[in-house]
Amino acid sequence: MADQHATVKGMNDILSPEVSKWQFVEEKARSVLEAFSYRELRTPSLEYTPLFVRSVGEATEVVEKQMYTFDDRDGSSVTLRPEGTAPAVRAYVSRSQWNREPVTRWYYLGPMFRHERAQRGRLRQFHQIGAEVFGLNAPSIDAEMIAMLVGMLTEFGLQASDLSVTINTLGEPDERVAYREALRAFFSQHVDALDDDSRRRLDTNPMRILDSKNPDVQTIAAAAPILLDTLGMASRERFEQVRTQLQTLGIDGETDPRLVRGLDYYTATIFEIKAKVGNLGSQNTVCGGGRYDRLVESMGGAAIPALGFGMGVERVLLAMTEEAESFEPALSLFVAPMDERARLWALPVAHRLRMAGIRVEIEHRDTGLKQQLKRADKLKARLALIVGDNELASGKLALKDLAAGKQHEVAAADLEAKIRQLLD
Ligand code: ATP
Ligand code: MG
């Protein structure tokens, strides 16, 4: 039996001060996404298993090894969502969203579940910020999305020069048929050097071998034929347009002809963003995405082109070098009542200040002035309000500016205005 206080391996509690950094990132992400006209989509954490098997793809790491799949009590197989695109497409198709609006922009924020080897930047419950755009196939929307991501990461405090943007095109499915055969022929010549997974993928999905994390396999893959060389004019021209538009947006994306990405549904443009700073180690891909122009139709919808991305929040936080403490909200006021009568008077005063949006803590325990001021200090309060017999009798309250080391006498009626003035 596991320790009764242990979390499930690879799944963490998130609390203060770290949670402040999380909230900062989430708020920034929302405001950037809303500025680009995305609306939030919230889907359940649990989905019927075939949704992921069909969309992510049978011969992928995620479906083969990483899904938390179990039988529900009625015997149906369900899976904790390992990614956000398949649920978004399910929601899009189930309500025939294309009949309601020609272009849909949705974003989501929340936990994803993958049973993988837990390490820094690789969790079993991790969190993604993601978005999908349905109904557009112009190259400009691909560039817009990538530029938005760079913009979002810089809003988090990362420098554009600390990011590397990699793009590639996977072309159209029919263009990949011949390439897949060429790859199969190539890797068949090196079958002895492949690991078990790659050998299996030789039959099921040879392009997946290019995505292997095994260094020996990567060495061989470096000499494999290149997809881009085999694509038709239309695909190559489209890719060129994405590249040009990225340049006009000031993003220098590097083309990596070996970038394939781990999920099966991608077509045309795919991209990844790596962070070259912070505490990430080899798990430094903070974000990945691309087009999936056939997925909506293959899941029973109309022929609607689409694209999306997923960003790993834990990895973003590791890339941000600023300490979590610096994101903690400051306490504005500590209220120090000297006795029960003072507390009776102070509690509604504190309540009104709090409802006016000022961050206030009041001492509920019976302790002396010295201890209360110590506590105010510990909480890094900007101000302290001392309420005792003298103050109540005179109607003049003692408001201490702890940061400036000054004391002000304030009438109860002027308290809120004085606090605001001192906090400014
Ligand atoms: P990797 O190659 O690192 O396994 P992936 O290709 O499986 O990533 P995606 O499915 O594209 O990742 O997910 C998008 C982003 O979500 C990743 O770029 C990463 O930042 C984050 N991510 C994916 N898996 C995990 C995980 N297990 N723990 C933490 N973050 C993750
Ligand atoms: Mg992975």
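What counts and how
Residues numbered from 1 in each chain as written. Chains lettered and ligands numbered in written order. Predicted model: local features only at pLDDT ≥ 70, side-chain atom pairs only at ≥ 80, totals over all residues. Heavy atoms only, no water. Axes fitted to C-alpha atoms, helices over the stretch in contact; angles between N-to-C directions. Helix = DSSP H or I, 4+ residues; strand = E, 2+ residues; numbered from the N terminus. Left-handed = near helix turned anticlockwise from the far one by under 90°. Contact = heavy atoms within 4.5 Å. Near = heavy atom within 4 Å. Polar contact = N/O pair within 3.5 Å; in protein donor to acceptor, adjacent residues only side chain to side chain. Nonpolar A, V, L, I, M, F, W, Y, C, P; charged D, E, K, R; others polar. Domains from an automatic or database assignment. Pairing = 2+ DSSP bridges. Core = buried A, V, L, I, M, F, W, Y, C linked by side-chain atoms within 4.5 Å. Buried < 20%, exposed > 50% of the residue type's maximum accessible area, 1.4 Å probe, protein only. Salt bridge = Lys/Arg side-chain N within 4 Å of Asp/Glu carboxyl O. Phe/Tyr/Trp six-rings, centres within 6.5 Å; stacked < 30°, edge-to-face > 60°. Parallel < 35°, antiparallel > 145°, perpendicular 65-115°, else oblique.

Draft legend 1. View of the packing of helix 1 (residues 18-35) against helix 5 (residues 139-155). Here helix 1 crosses helix 5 at 145°, and the two axes come no closer than 9 Å. Considering how the two elements wind past one another, helix 1 and helix 5 form a crossing that is right-handed. Residues Phe24, Lys28, Ala29, Val32 and Leu33 of helix 1 form the contact with helix 5, whose own contacting residues are Met148, Met152 and Glu155.

Draft legend 2. Just the site of ligand 1, in detail. Taken together, 15 residues surround ligand 1, and among them Arg114, Glu116, Arg122, Leu123 and Arg261 come closest. Within the backbone of leucine 123, an N or O atom sits 2.9 Å from a nitrogen atom of ligand 1. Interatomic distance of 3.1 Å between a side-chain N/O atom of glutamine 128 and an oxygen atom of ligand 1. Elements represented by at least two residues in the shell around ligand 1 include exactly strand 6 (125-134), strand 10 (285-291) and strand 11 (306-312). Per element, the largest residue contribution to the shell around ligand 1 is 3 residues, and it comes from strand 10. Here the residues of the shell around ligand 1 are counted per class, giving 4 nonpolar, 5 polar and 6 charged.

Draft legend 3. Representation of the domain arrangement of the protein in the model. Considered domain by domain, the protein is made up of domain 1 (18-171 + 231-319) and domain 2 (330-423). Look at where the C-alpha atoms of domain 1 and domain 2 centre, and you get two points 48 Å apart.

Draft legend 4. View of the sheet that holds strand 4 (residues 77-80). Strand order in the open sheet formed by 3 strands is 2-4-3, and the pairing between neighbours is antiparallel. Taken across any chain shown, the strands that pair with only one partner, and hence form the sheet edges, are strand 2 (46-48) and strand 3 (68-71). Within the sheet, the average angular offset between the axes of one strand and its neighbour, ignoring direction, is 35°. In the sheet, strand 3 pairs with strand 4 via 4 bridges, with the strands oriented antiparallel. Residue pairing across strands places aspartate 71 opposite serine 77, the latter belonging to strand 4. Contacts from helix 2 (residues 49-56) reach strand 2, strand 3 and strand 4, with the element oriented near 75° to strand 2.

Draft legend 5. Molecular detail of the nonpolar core. Phe134, Phe156, Phe187, Phe309 and Met311 are the most contacted members of the largest nonpolar core, which totals 87 residues. Sequence-distant contacts of methionine 311, that is, excluding residues within four places in its chain, are made with His127, Gln128, Ile129, Leu149, Met152, Leu153, Phe156, Val286, Cys287 and Val316. Val335, Ala350, Leu397 and Ile419 belong to the second-largest nonpolar core, a separate cluster that totals 19 residues.

Draft legend 6. Geometry of the pattern of salt bridges. Scanning the model with the defined rule gives 27 salt bridges in all. In this structure, the salt-bridge partner of arginine 201 is glutamate 64, at a minimum N-O distance of 2.7 Å. Remark: glutamate 64 occurs in helix 3 (residues 61-66) and arginine 201 occurs in helix 7 (residues 196-204); sequence separation between them is 137 residues. Across the salt bridge formed by arginine 343 and aspartate 366, the nearest N and O atoms sit 3.0 Å from each other. Taken together, the residues span a long stretch of sequence, with arginine 343 in helix 13 (residues 340-355) and aspartate 366 in the loop between strand 13 (360-362) and helix 14 (369-378) at a distance of 23 residues.

Draft legend 7. Up close: unusual backbone geometry. Cis rather than trans, the peptide bond between serine 16 and proline 17 has omega equal to 5°. Here serine 37, not a glycine, exhibits a phi torsion of approximately 75°, which is positive. Relative to the helices and strands, serine 37 resides in the loop between helix 1 and strand 1 (39-40). Serine 37 sits in the partly exposed class, given a relative accessible area of 49%. Phi at serine 96 is positive, roughly 45°, even though this residue is not glycine. Looking at the element boundaries, serine 96 is found in the loop between helix 4 (85-94) and strand 5 (104-113). Take serine 96: its relative accessible area is 26%, and that puts it in the partly exposed class.

Draft legend 8. Highlighting the sheet that holds strand 16 (residues 406-411). The sheet built from 5 strands is open, its strands ordered 13-12-14-15-16 with mixed pairing. This sheet does not close on itself; its edge strands, each paired only once, are strand 13 and strand 16. Adjacent strand axes in the sheet meet at a mean angle of 25° when their direction is disregarded. Two elements, strand 15 (residues 396-401) and strand 16, share 6 bridges in a ladder whose sense is antiparallel. Across the sheet, residue lysine 396 finds its bridge partner in strand 16, namely alanine 411. Relative to the sheet, helix 13 contacts strand 12 (333-337), strand 13, strand 14 (383-387) and strand 15, its axis offset from that of strand 13 by approximately 165°.

Draft legend 9. Quick look at the packing of aromatic side chains. Counted by the stated rule, this structure contains 9 aromatic pairs. With a centroid separation of 6.0 Å and 80° between ring planes, the pair formed by tyrosine 92 and tryptophan 106 is classed as edge-to-face. Of this pair, tyrosine 92 sits in helix 4 while tryptophan 106 sits in strand 5, and the two are 14 residues apart along the sequence. In this pair, the class of tyrosine 92 matches that of tryptophan 106, namely buried. Ring centres 6.3 Å apart and planes at 80° place the aromatic pair phenylalanine 134 and tyrosine 292 in the edge-to-face group. Placement of the pair is phenylalanine 134 in strand 6 and tyrosine 292 in the loop between strand 10 and helix 11 (295-298), with a sequence separation of 158 residues. Here phenylalanine 134 matches tyrosine 292 in class, with each residue buried. Connected via pairs of aromatic rings, a cluster forms that spans Tyr92, Trp98, Trp106, Phe134, Tyr265, Tyr266 and Tyr292.

Draft legend 10. A look at the packing of helix 2 against helix 4. Where helix 2 meets helix 4, the axes come as close as 9 Å, and the angle between the chain directions of the two elements is 105°. Put simply, helix 2 runs roughly perpendicular to helix 4. Residues Leu51, Phe52 and Ser55 of helix 2 form the contact with helix 4, whose participating residues are Ala86, Pro87 and Arg90. Per-class residue counts for the contact of helix 2 with helix 4 are 4 nonpolar, 1 polar and 1 charged.

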